Amino acid sequence: MQMAQQMMAQQAAAAAAAHAAAAGHYHAMAPTPEPPKRQAAPTFNVADLLRRPGRLKRPERICVVLRGLPGAGKSRVARTLRDIEVANGGEAPRVLSIDDYFMQETDVMVKCEETGKMVKGTEMKYVYEEEMEEAYRASAVKAYKGTVDKGMYKFIIV
């Protein structure tokens, strides 16, 4: 009996909606609830994590992820963070960068400081190879996972 009443109520509601639509009236439906707003992740001033007194309260293990366009200064920021950490008594963080995979030793001619003559030397040069990016990225992820799994570093910069 109750099921029959529910069906009749549904049919009546449908008929009323059809009648309202035919008469030019629109049935107002309850608004769709908005999805819950994501809570913003906490942000920290990096100086508070690296220098006293903040470094005394920070987590035992930290991973800083640097993202940005090529040439934006990610490597420089990573070196700066490493230098500040060491200057404040910490161990040098493990810095993992896909750029390291694109570094190649190249032969160059340099002026000898002692003799003033040009001599053959080597320097590291960044050489981007698009066809190698996927393989280098996979190697970088593997290196990161290995670093985390072994737990050798308390501070990692990626």
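All values reported here derive from a predicted model rather than from experimental measurement.

If you walk across this open sheet you meet the three strands as E1-E5-E2, and the pairing is parallel. Looking along the sheet, the strands with just one partner apiece sit at the ends: strand E1 (62–64) and strand E2 (94–95). Against the sheet, helix H3 (residues 74–87) engages E1, E2 and strand E5 (155–157), with an angle of about 160° to E5.

The tally for this structure, following the rule as stated, stands at five salt bridges. A salt bridge links Arg 58 to Glu 85; the shortest N-O distance between them is 2.7 Å. Of this pair, Arg 58 sits in the loop between helix H2 (46–50) and E1 while Glu 85 sits in helix H3; the two residues are 27 residues apart in sequence, bridging distant segments of the chain. Taking relative accessible area as the criterion, Arg 58 reaches 18% and is therefore assigned buried. Glu 85 gets classed as buried once you look at its relative accessible area, which sits at 2%. Between Glu 133 and Arg 137 there is a salt bridge, and its shortest N-O distance comes to 2.5 Å. Pair noted here: Glu 133 and Arg 137 are both in helix H4 (residues 133–150), with a separation of four residues, about one helical turn. Residues joined by salt bridges that share partners form a network here, namely Arg 55, Arg 58 and Glu 85.

A cluster of nonpolar residues, Val 65, Tyr 144, Val 148 and Val 158, forms a patch on the protein surface that exposes about 300 Å² of accessible area. Within the element layout of this structure, Val 65 appears in the loop between E1 and H3. Given a relative accessible area of 55%, Val 65 falls into the exposed group.

For an α-helix, 3.6 residues make a turn, and residues three or four places apart therefore share a direction. Between its first and last C-alpha atoms H3 spans 20 Å; for 14 residues at 1.5 Å apiece the expected length is 20 Å, and the two agree. Taken residue by residue, H3 has Ala 78, Leu 81 and Glu 85 as its buried positions. One side of H3 holds all its buried residues, which, seen down the axis, span an arc of 65°. In H3, the exposed positions angled more than 90 degrees off the buried face are occupied by Arg 76 and Ala 87. Looking at the buried side of H3, the elements it contacts are H2, E1, E2 and E5. The first or second residue beyond H3 is Gly 89, which carries a positive phi of 90°.

The next subject is the side chain of Arg 58. A distance of 2.7 Å separates a polar atom in the side chain of Arg 58 from the backbone oxygen of Leu 49. Beyond its immediate stretch of four places on either side in the chain, Arg 58 contacts Leu 49, Leu 50, Glu 85 and Phe 155.

Attention now moves to the nonpolar core. By size, the foremost hydrophobic cluster in this structure holds seven residues: Leu 50, Ile 62, Val 64, Ala 78, Leu 81, Phe 155 and Ile 157. When residues of this core are traced back to their parent elements, those giving at least two are E1, H3 and E5. Apart from the residues within four sequence positions on either side, Leu 50 is in contact with Arg 55, Arg 58, Leu 81, Ile 84, Glu 85, Asn 88 and Phe 155.

Let us now look at the pairing of strand E3 (residues 103–111). Relative to strand E4 (residues 118–126), E3 is paired through nine bridges, and the arrangement is antiparallel. If you follow Val 108 over to E4, its bridge partner there is Gly 121. In this structure, the hairpin formed by E3 and E4 is closed by a connection of six residues, where Gly 116 is found at a positive phi of approximately 80°.

By the secondary structure assignment, Tyr 136 is in helix H4. Note on Tyr 136: relative accessible area 15%, which makes it buried. A sequence separation of 36 residues divides Tyr 136 from Asp 100, and the C-alpha atoms of the two residues are 9.2 Å apart.

Parameters and conventions
- Residues numbered from 1 in each chain as written.
- Predicted model: local features only at pLDDT ≥ 70, side-chain atom pairs only at ≥ 80, totals over all residues.
- Heavy atoms only, no water.
- Pairing = 2+ DSSP bridges.
- Helix = DSSP H or I, 4+ residues; strand = E, 2+ residues; numbered from the N terminus.
- Contact = heavy atoms within 4.5 Å.
- Axes fitted to C-alpha atoms, helices over the stretch in contact; angles between N-to-C directions.
- Salt bridge = Lys/Arg side-chain N within 4 Å of Asp/Glu carboxyl O.
- Buried < 20%, exposed > 50% of the residue type's maximum accessible area, 1.4 Å probe, protein only.
- Patch = residues over 30% accessible without salt bridge, like charges linked within 9 Å, V, L, I, M, F, W, Y side chains within 5 Å.
- Areas by Shrake-Rupley, 256 points an atom, 1.4 Å probe, with all protein chains shown as cover.
- Expected span 1.5 Å × (residues − 1).
- Arc of directions from axis to C-beta.
- Polar contact = N/O pair within 3.5 Å; in protein donor to acceptor, adjacent residues only side chain to side chain.
- Core = buried A, V, L, I, M, F, W, Y, C linked by side-chain atoms within 4.5 Å.

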